[in-house]
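Here is how the chains run, residue by residue.
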Amino acid sequence: NTYTCLVPDPFASREDLLKMMLIDFGAMSIQELTTGSLRQASRTELGFLLSDFLEKLPRDSHAIVIIDEAQNLALPLIEETRILSDTFGANGQLQIVFVGQPELHAKLKSPEMRQVDQRVCGYHRLTPMNSEAAGGYIRHRLRTAGLKPGHVLFPTDIIDSLHGRTGGVP
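Throughout what follows, the structure given in this document is the object of discussion.

Quick notes on the rules
- The written sequence of each chain sets the order in which its residues are numbered from 1.
- Where local features are concerned, this predicted model is filtered to residues with pLDDT of at least 70; where side-chain atom pairs are given and counted, the filter is 80 or more; whole-chain, interface and lining totals use all residues.
- No hydrogens and no water enter the side-chain calculation; it runs on all heavy atoms of the structure.
- Between any two strands, pairing holds if DSSP finds at least two bridges.
- Where helices and strands are cited, they refer to DSSP runs of H or I of at least four residues and of E of at least two residues respectively, numbered from the N terminus.
- The angle between two axes is taken between their N-to-C directions and runs from 0 to 180 degrees, where each axis is a line fitted to C-alpha atoms and a helix contributes only its stretch in contact.
- Definition used in this section: a nonpolar core is a set of buried Ala, Val, Leu, Ile, Met, Phe, Trp, Tyr and Cys residues joined via side-chain atoms within 4.5 Å.
- Relative accessibility decides the category of a residue: with a 1.4 Å probe and only protein chains considered, values under 20% of the type maximum give buried, values over 50% give exposed, and everything between is partly exposed.
- Pairing of aromatic side chains here covers Phe, Tyr and the six-membered ring of Trp, requires ring centres within 6.5 Å, and sorts the geometry by plane angle: under 30 degrees stacked, over 60 edge-to-face, intermediate tilted.
- Residue contacts are counted whenever heavy atoms from the two residues lie within 4.5 Å of one another.
- Oblique is the label for any angle not under 35 degrees, not over 145, and not in the 65 to 115 range, which are roughly parallel, roughly antiparallel and roughly perpendicular in turn.
- We call a crossing left-handed when the near helix sits turned anticlockwise from the far one by less than a right angle, and right-handed when that turn is clockwise.
- Classification convention: Asp, Glu, Lys, Arg as charged; Ala, Val, Leu, Ile, Met, Phe, Trp, Tyr, Cys, Pro as nonpolar; all other residues, Gly among them, as polar.

1. Some thoughts on the sheet that holds strand S3 (residues 94-98)
Argument step 1. Spatial strand order, S1-S2-S3: three strands in an open sheet with parallel pairing. Edge strands, defined here as strands with exactly one partner in the open sheet, are strand S1 (2-7) and S3. Across the sheet, the axes of successive neighbouring strands diverge by a mean angle of 20°, strand direction being ignored.
Argument step 2. By the bridge criterion, six bridges tie S1 to strand S2 (residues 62-67) in an arrangement that is parallel. From the neighbouring strand, Val7 faces S2, where its bridge partner is Ile67.

2. Remarks on the nonpolar core
Argument step 1. Counting residues in hydrophobic clusters, the biggest one holds 30 residues, and the most contacted among them are Met21, Phe25, Leu50, Leu54, Val65, Leu84 and Leu94.
Argument step 2. Elements with a contribution of two residues or more to this core: S1, helix H1 (14-25), helix H3 (43-55), S2, helix H4 (75-88) and helix H5 (102-108).
Argument step 3. The biggest single contributor to this core is H1, with five residues.

3. Structural notes on unusual backbone geometry
Argument step 1. Unlike most non-glycine residues, Glu69 shows phi in positive territory, near 55°.
Argument step 2. Inspection of the secondary structure puts Glu69 in the loop between S2 and H4.
Argument step 3. Among the residues examined, Glu69 registers a relative accessible area of 30% and is labelled partly exposed.

4. Overview of the packing of aromatic side chains
Argument step 1. What the rule picks out here adds up to two aromatic pairs.
Argument step 2. Ring geometry for Tyr3 and Phe53: centres 5.5 Å apart, planes at 90°, overall edge-to-face. Here Tyr3 is found in strand S1, whereas its partner Phe53 is found in helix H3, with 50 residues between them in sequence.
Argument step 3. Considering the side-chain rings of Phe25 and Phe53, the 5.2 Å spacing of their centres and the 10° angle between planes classify their relative orientation as stacked. Within this pair, whereas Phe25 is found in helix H1, its partner Phe53 is found in helix H3, the two being separated by 28 residues in sequence. Considered together, Phe25 and Phe53 belong to a single accessibility category, that of buried residues.

5. Description of the side chain of His163
Argument step 1. Tracing the backbone through its elements, the reader meets His163 in helix H8 (residues 156-166).
Argument step 2. Apart from residues no more than four positions distant in its own chain, His163 is found in contact with Met129, Asn130, Ser131, Ala134 and Gly168.

6. Here we look at the packing of H3 against H4
Argument step 1. At a minimum axis separation of 11 Å, H3 and H4 run at an interaxial angle of 40°. Judged by the inter-axis angle, H3 sits oblique to H4. You can see that H3 and H4 cross each other, and the crossing is right-handed. Along its contact with H3, which presents Arg43, Gly47, Leu50, Ser51 and Leu54, the element H4 presents Glu80, Ile83, Leu84 and Phe88.
Argument step 2. Residues that form the contact of H3 with H4 fall into these classes: five nonpolar, two polar and two charged.

Here is the structure:
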């Protein structure tokens, strides 16, 4: 009962953000956006579509927007997420997750982002992995990429070297 939207492009406009959300949530199709009646839709019209989608969600459903590389968001777009959260997030059905580099935290703590920062329910920072965890992470990524079980691509000394060079940050 969770609808997700991944925003990989933090340089989107306010309208583009709404369009990505509506398409990912299944509230409109790419066809409607590119050649249909919604091609020239205004921000207000897109907002009404989002509101309609959220109102029709079952009571125990959630819509989650994940914005990657959020440190690159322009301040007006961050403010737009606050407006969306204020407008549609009161009942908990719309949740927005920022994922980004440490600069994101500094940006959200700036005086002009005070209203946004007040609405943040939590910050989490990944700490560097120890050598053992880094080795497990590398093996997992290699298996995900298709490495056969039991096959060793990197000996322990190479993994230790990778850990040392990266400081444990993937």
